[in-house]
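# Summary of structural features
Listed below are the residues making up each chain.
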Amino acid sequence: MLIRLLVSLVDLSRRNAVSFVLAGVVLVAFSAWFASNHLGVTTDTDLLFSDRLPWRQHAAEMNKDFPQFRNLLVAVVDARIPEEAEATAAELAHRMSADTARFETVRRPDASPFLQKEGLLFLSLKQLSALMDQTIDAQPFLGQLVADPSARGLFAALSLLGMGVTEVGADLTAYVKPILGFHQAMADALSGHPTPLSWQALLGGSLSDLAGPYRFVLAQPKQNYGALEPGGAATQAMRAIIADLPYVKAGDAQVRITGQVALADEEFASVAQGAVQELIGSVMLITLWLFLAVHTWRLILPILMTLTLGLMLTVLFAAVAVGTLNLVSVGFGVLFVGIAVDFSIQFSVRFREYRFETGDAAAAMTETARRVGVQILIAALATAAGFLAFVPTDFSGVAELGLIAGGGMIIAFICTLGLLPAAITLFRPPGEQAEVGFAWAARMDPVVVRWRRPILLVSALLAVAAVASSPFLVFNSDPLATKNPNTEAVRTLHDLINNPVTNPYTIDILAPNAKAAAALTDRLKVLPEVSQVISINSFVPDDQAKKLAVIADANSILAPTLAPRGTPAPATPNEMRMAAKAALAQIDPALKKLPPDHALALLANDLRQMETASDAVLNITNKELTRFLPEQLDHLRLALSAQPITLASIPADFARDWLLPDGRARIQVNPKPEFHTPSGLRRFVAAVSAIAPNAGGSAVTIEATSNTITGAFRSAAIYALIAIAIILFVLLRRLLDVVLVMAPLLLSALLTLLVAVTLPLPLNFANIIALPLLLGVGVSFNIYFVMNWRAGLRNPLGSATARAILFSALTTGTAFGSLTMSAHPGTASMGKLLLISLACTLVATLVFIPALLANLSRKGS
C-alpha cells in the first residue's frame, strides 16, 4: 500500500513534469514573499532558554531589581598617568550622556563624589597614618605650592629640600619618589617629549593605588535585536566619541570597549566573518561532488532545484511555526541542506542504476520509487524524529531548531519524490554507459567478508574503549571558550578578569537586609574558593573613630596651609629661571652632604638646564609640571574633610547598586583566580550555593546554562533513540533490522566520543549542537544498507547505494567542513566535531555494517 502510494506520486510527477516544476517555482516565490514579511531574526540571547527554568526566573528578577547592570558597554580607560585617565573618562561620559538617541544610561561608579570625599577611610589604619605623616611632613612644600601653583612656586618649594639637608640634616628618603617624579617631568620637557606630572601619584600615595590604573564608563545602549550586532550603532557612536577625545588623539590615553553587549556583538561579527567566502567555496565543492556522483548537469540542476524548493518551503514553515528565529534556530538552513541533499543524491544515483539496468527512463523512475522511496521515507521520518526530540526540552534555541529541522526533513522527502522526478524528466539526463557503482569498491566486498570477524572484534574493542573514556569527555561551560580571543572585548575582559566591575564569574545574592548581608558575608568570605565579598556594608569602613581622629589631626595642621588664596600672576620665563637659580643655590650645598648618586643630584642638573632653557621649553615645563596640581589640591582638601559613614549616610545613587528600596541588600561574591576554570567555577558555585541557595549572577547562570544544555541533549538523545526505534520497527517490521540500523548508529556515536577525548576536543555551548546531526546522517546511511541487504543485495560496497552514500557524505562534509575555517572558535569547533562525527559514521556504515551483514549472511547460509 505504502509503496504503491509512493510509486503513484513519482509517476504523477513524471507525467506532469511541467506542471510540477511550475508549481515548485510558484511555491518558491510565495515562500520567499511570505517569509520576507513574516519571518524575523532576533539576536536576543535571553530567548535561548525557557522562561520556566528557575534560574532564568531568578536572573530575570535580578535584572528587574538591578537593571543598571544589564546589557552594558564598558569603556576601560587607561593613560600615562591617572589624571589623564580620569579626564578622558569624564569627557567620554559627558559626551555619551548627551547622545540620548543611542544610550539609555551612562555612569561612572568609580567617580562617585562619595568615594572622593570618604576615600581615606577605606585605607587601613596603618596606611592612613603613614600617608597623613607623609603629607604633614610636606606641609612647607604644600604651602609654597598653594601660594604659587606654578613652576616658579615649585622651584621655590624644591629649595626647601636643600635647606632642610643643609640646616637640620633632614632625611630625604620619603621624598625620593617625588624628587624622581619632578626630575622625569623636567627631563622629558627638556628633551622635547613633555609628559605631565602626576600629582595624584605624588600626593595620593596609597589612596591613588587603591583606585587602580583603570577608569570605567558604563553605558546601556539602545539595541536593535533585528540586526546582526544589536549594539553596533551605539558602539560605533562610542568609538567616534573616543577617537575625538584629546588625550586619545594625542596618543596619551587609550579606551577599550568590553561588556556584555560588546562581547555578544563581536561574537556575532566573528561568526559572520568570512562566511561569504566560505559559502562560495562550499558551493563550488558541493557542485564538484554532485558532478562526480551523477556525472551530468542534467541531474545536478534537478537536485539543486529540489533543495531550493525544500529549503524555501522549510523557511515558509519556520515563518508560520515560530515567526522569529533565534541565534540557534537561524542555522536550520545548514542542517537542511546537509541532510536533505542525501535524499536527492540517493534518488538520483539509484535512478542512474536502474536506468542502466532497464534502458528506459520511465521504468527506471518507477523502479526507483518502488525500491528507494520507502528507504528515503524511513530515513526522513527517523531523522525528523531525532530533531523533534529536542522540542520538549528547556533549551528553547535548539527546541526551535529541532521543530524547524524536523519539519524540514518531511518537506525534503516530499520534494524529493514530488519535484525531483519532474525536474529529471524535463532535463532528460543521458543514459548510463556503465554500472553506476564503484568497481574498485566492489573488490573490497570479499575482503570485508573474509575479515568480518576481526572487523567486528576491533569495532567492539573501540566501543568498549569509548565507553571507558567517556568520563574524560570534557564539557567546557566557560562562555569565553567559544569566543574569538583576539577581539578587543575578549582581550580586555581577560586583562580585567579580577576586577569586580568586569569579572564575568561573579555570584550575586539578595539578603533580606543589610544586617543579614553582613552575617552572610562573614560566612562567605572564609570559603577557600572566595577572594572577595562586597555588599553595602563594605562601604562602611572599620575603625572609623581612629581613622577620623588621624584625619582630623592632619586637617588641623594642614587646613591653614591648604586654604585657597588669591590667584598669583602667571609665571614668566625669566621668573622661572630666577626661581631655578635660587633653588640651585640651596640644593648645591646640600649635595655635598648626600651620596653622589642621590636623586637630588638629578634634580639639580635639571634646574641648571632650566636656567638656560628657551622661553618655549620653560612654558611647556610650567604647563606639564602643574597641569593637574590645582585639581589634586582640591581633592586633598576634600579628602581631609571626611565624615563618619553609616548606612544611612551613603548617598542614594551610590547605594542603589547594593540596596533595594525595600531594604534587600545585594552581595557580590568574586572567585579566586584559580577557580575561573570550568571545574573551578563549578566548585565555586557549589560552595557559595551551599550557604546561599538563592545565589544568582553570571557564575550561577553559566553553570545552570551548562546543566540545562547537557540535560536537554541527554533527554533528547533518549527520546530520539526511542522514537527512531519505534519508527524503524513499525516500518521495517523486524526487530533484527531495527538492531542492524541502531547498532552502527551507536558505534558511530561512541567512535565520535573516543576521537573527541583522544584529540582532545572538549564539548562546548556551540559544538554540542552538532550531535543531532550524527543521528540524522547516521540513521539515513544505515537504513539504505540494511534495507538493500534485506532485499538481497550482498555486495554493498560496490553498489550504487555506496556511491550515493559516499558522495552524500562528501557533500555534507563540505557544507559542514567550511565551518572549521570560521574565525569564531565555537563555530570552528562545531565544524570539527561535525567532520569527526561524519567520518565515524562513514566508518560505521562502510566498514562495520558490511562486516555485520556479511556475518549474518554466513550464519544464515
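Residues numbered from 1 in each chain as written. Predicted model: local features only at pLDDT ≥ 70, side-chain atom pairs only at ≥ 80, totals over all residues. Heavy atoms only, no water.

The number of helices and strands found in the chain is 37 helices and nine strands. Expected size for 861 residues packed as a compact globule is a radius of gyration near 29 Å; at 37 Å, the chain overshoots this value by more than 25%. For the chain, the C-alpha atoms occupy an extent of roughly 120 × 60 × 55 Å along the three principal directions. Burial statistics for the chain: of 861 residues in total, 54% are counted as buried. When contacts within the chain are restricted to residue pairs at least 6 apart in sequence, those whose partners lie at least 24 apart make up 84%. Accessible surface computed for the chain: about 36,300 Å², of which carbon and sulfur atoms make up 63%. Distance from the positive charge centre (63 side chains) to the negative charge centre (63 side chains) of the chain: 13 Å. (Helix = DSSP H or I, 4+ residues; strand = E, 2+ residues; numbered from the N terminus. Rg over C-alpha atoms; globule rule 2.2 N^0.38 Å. Buried < 20%, exposed > 50% of the residue type's maximum accessible area, 1.4 Å probe, protein only. Contact = heavy atoms within 4.5 Å. Areas by Shrake-Rupley, 256 points an atom, 1.4 Å probe, with all protein chains shown as cover. Lys, Arg positive; Asp, Glu negative; His and termini not counted. Charge placed at Lys NZ, Arg CZ, Asp CG, Glu CD.)

Once that is clear, we can look at a nonpolar patch on the surface. A contiguous nonpolar patch, built from Ile718, Tyr719, Ile722, Ile726 and Val730 and spanning about 490 Å² of accessible area, is present on the exposed surface. Relative to the assigned elements, Val730 resides in helix 33 (residues 698–732). (Patch = residues over 30% accessible without salt bridge, like charges linked within 9 Å, V, L, I, M, F, W, Y side chains within 5 Å. Salt bridge = Lys/Arg side-chain N within 4 Å of Asp/Glu carboxyl O.)

If you walk across this open sheet you meet the four strands as 3-4-2-5, and the pairing is antiparallel. Two strands close off the open sheet at either side, each with one partner strand: strand 3 (103–107) and strand 5 (253–258). Each neighbouring strand pair of the sheet contributes to a mean axis angle of 20 degrees, computed without reference to strand direction. Across six bridges, strand 2 (residues 73–79) lies against strand 5 in antiparallel orientation. The partner of Val74 across the bridge, within strand 5, is Thr258. Those strands touched by helix 4 (residues 82–98) are strand 2, strand 3, strand 4 (215–221) and strand 5, and its axis lies near 15 degrees from that of strand 4. The strands touched by helix 12 (residues 232–243) are strand 2, strand 3, strand 4 and strand 5; relative to strand 5, the strand with the most contacts, the crossing angle is about 175 degrees. (Pairing = 2+ DSSP bridges. Axes fitted to C-alpha atoms, helices over the stretch in contact; angles between N-to-C directions.)

Evaluation of the coordinates by the stated rule reveals 31 salt bridges. A salt bridge links Glu575 to Arg152; its shortest N-O distance comes to 2.6 Å. Here Glu575 is found in helix 27 (residues 573–591), whereas its partner Arg152 is found in helix 8 (residues 151–168), with 423 residues between them in sequence. We classify Arg152 as buried; its relative accessible area is 15%. A salt bridge links Arg256 to Asp495, with the shortest nitrogen-to-oxygen separation between them at 2.7 Å. Of this pair, Arg256 sits in strand 5 while Asp495 sits in helix 24 (residues 488–495); the two residues are 239 residues apart in sequence, bridging distant segments of the chain. A residue is classified by how much of its surface remains accessible, and Arg256, at 13% relative accessible area, is buried. Beyond isolated ion pairs, a larger network of salt bridges with shared partners links Glu86, Arg108, Asp110 and Arg215.

At the junction of Leu759 and Pro760, the peptide bond is cis and its omega measures out at -10 degrees in the coordinates. Here Pro760 lies in the loop between helix 34 (735–758) and helix 35 (771–790). The backbone phi angle of His295 is positive, close to 70 degrees, even though this residue is not glycine. Following the sequence through the fold, His295 ends up in the loop between helix 15 (275–294) and helix 16 (297–321). Residue classification places His295 among the partly exposed residues on the basis of a relative accessible area of 46%. Positioned with a positive phi, Arg428 is a non-glycine residue whose angle comes to about 50 degrees. Checked against the element boundaries, Arg428 lands in the loop between helix 20 (420–427) and helix 21 (439–442).

Attention now moves to the pairing of strand 7 (residues 507–511). Where burial is concerned, most of strand 7 is hidden: five out of the five residues are buried. Alignment of strand 7 against strand 9 (residues 665–671), held across five bridges, turns out to be antiparallel. Within strand 9, the position partnered with Ala511 by the bridge is Ala665.

Within the secondary structure, Arg108 is located in the loop between strand 3 and helix 5 (113–118). You can call Arg108 buried: its relative accessible area is 14%.

Here we take up the packing of helix 7 (residues 139–147) against helix 26 (residues 544–562). In contact at an axis separation of 9 Å, helix 7 and helix 26 are set at 25 degrees when each is read in the N-to-C sense. As summarised for this structure, helix 7 and helix 26 are arranged roughly parallel, according to the angle between their axes. Where helix 7 approaches helix 26, its residues Gln139, Leu142, Gly143 and Val146 are matched on the opposing element by Ile557, Leu558, Thr561 and Leu562. (Parallel < 35°, antiparallel > 145°, perpendicular 65-115°, else oblique.)

What follows covers the sheet that holds strand 7. Read from one edge to the other, the open sheet built from three strands follows the order 7-9-8, with strand pairing classed as antiparallel. The sheet is open, and its two edges are formed by strand 7 and strand 8 (530–534), each paired on a single side. Within the sheet, the average angular offset between the axes of one strand and its neighbour, ignoring direction, is 25 degrees. Pairing analysis gives four bridges linking strand 8 to strand 9, with the strands arranged antiparallel. Looking at strand 9, one finds that Val530 is bridged to Pro671.

A word on the environment of Leu740. Structurally, the position occupied by Leu740 is in helix 34. Linking Leu740 and Leu852, residues 112 residues apart in sequence, is a C-alpha distance of 8.2 Å.

What follows covers helix 16. An α-helical segment advances 3.6 residues per turn. Residues three or four places apart therefore align on the same side. For helix 16, which comprises 25 residues, the first-to-last C-alpha distance of 35 Å matches the rise-based estimate of 36 Å (1.5 Å per residue) to within 8%. Capping the start of helix 16, Thr296 holds a side-chain oxygen 3.0 Å from the backbone nitrogen of Arg298, two or three residues further along. Looking one or two residues beyond helix 16, the residue adopting positive phi is Gly323, at roughly 80 degrees. (Expected span 1.5 Å × (residues − 1). Polar contact = N/O pair within 3.5 Å; in protein donor to acceptor, adjacent residues only side chain to side chain.)

Moving on: the pairing of strand 2. In terms of burial, strand 2 is a largely internal element, six of the seven residues being buried. Sheet analysis places strand 2 next to strand 4, joined by five bridges and oriented antiparallel. When the sheet's bridge partners are listed, Val77 is paired in strand 4 with Arg215.

What follows covers the side chain of Arg152. A polar atom in the side chain of Arg152 sits 2.6 Å from the backbone oxygen of Ala569. Beyond its immediate stretch of four places on either side in the chain, Arg152 contacts Pro568, Ala569, Pro570, Ala571, Glu575, Met576 and Ala579.

Turning to the packing of aromatic side chains, a few remarks are in order. Overall, the coordinates contain 16 aromatic pairs when judged by the stated rule. Residues Phe30 and Trp33 carry aromatic rings whose centres are separated by 5.9 Å and whose planes lie at 40 degrees to one another, so their mutual orientation is tilted. Here Phe30 and its partner Trp33 are both found in helix 2 (residues 17–38), three residues apart, which amounts to about one turn of the helix. Judged by its relative accessible area of 40%, Phe30 is partly exposed. Measuring from ring centre to ring centre gives 5.0 Å for Phe390 and Phe713, while their planes differ by 70 degrees; the resulting arrangement is edge-to-face. Placement of the pair is Phe390 in the loop between helix 18 (361–388) and helix 19 (396–418) and Phe713 in helix 33, with a sequence separation of 323 residues. Like Phe713, Phe390 is buried. Joined through ring pairs, the aromatic side chains of Phe49, Trp55, Phe390, Phe395 and Phe713 make up one cluster. Seen from the ring of Phe66, Arg666 lies directly overhead, with NZ or CZ sitting 5.6 Å from the centre. For Arg666, the ring lying beneath its charged end belongs to Trp658, and the centroid distance is 4.1 Å. (Phe/Tyr/Trp six-rings, centres within 6.5 Å; stacked < 30°, edge-to-face > 60°. Lys NZ or Arg CZ within 6 Å of the ring centre and 35° of its normal.)

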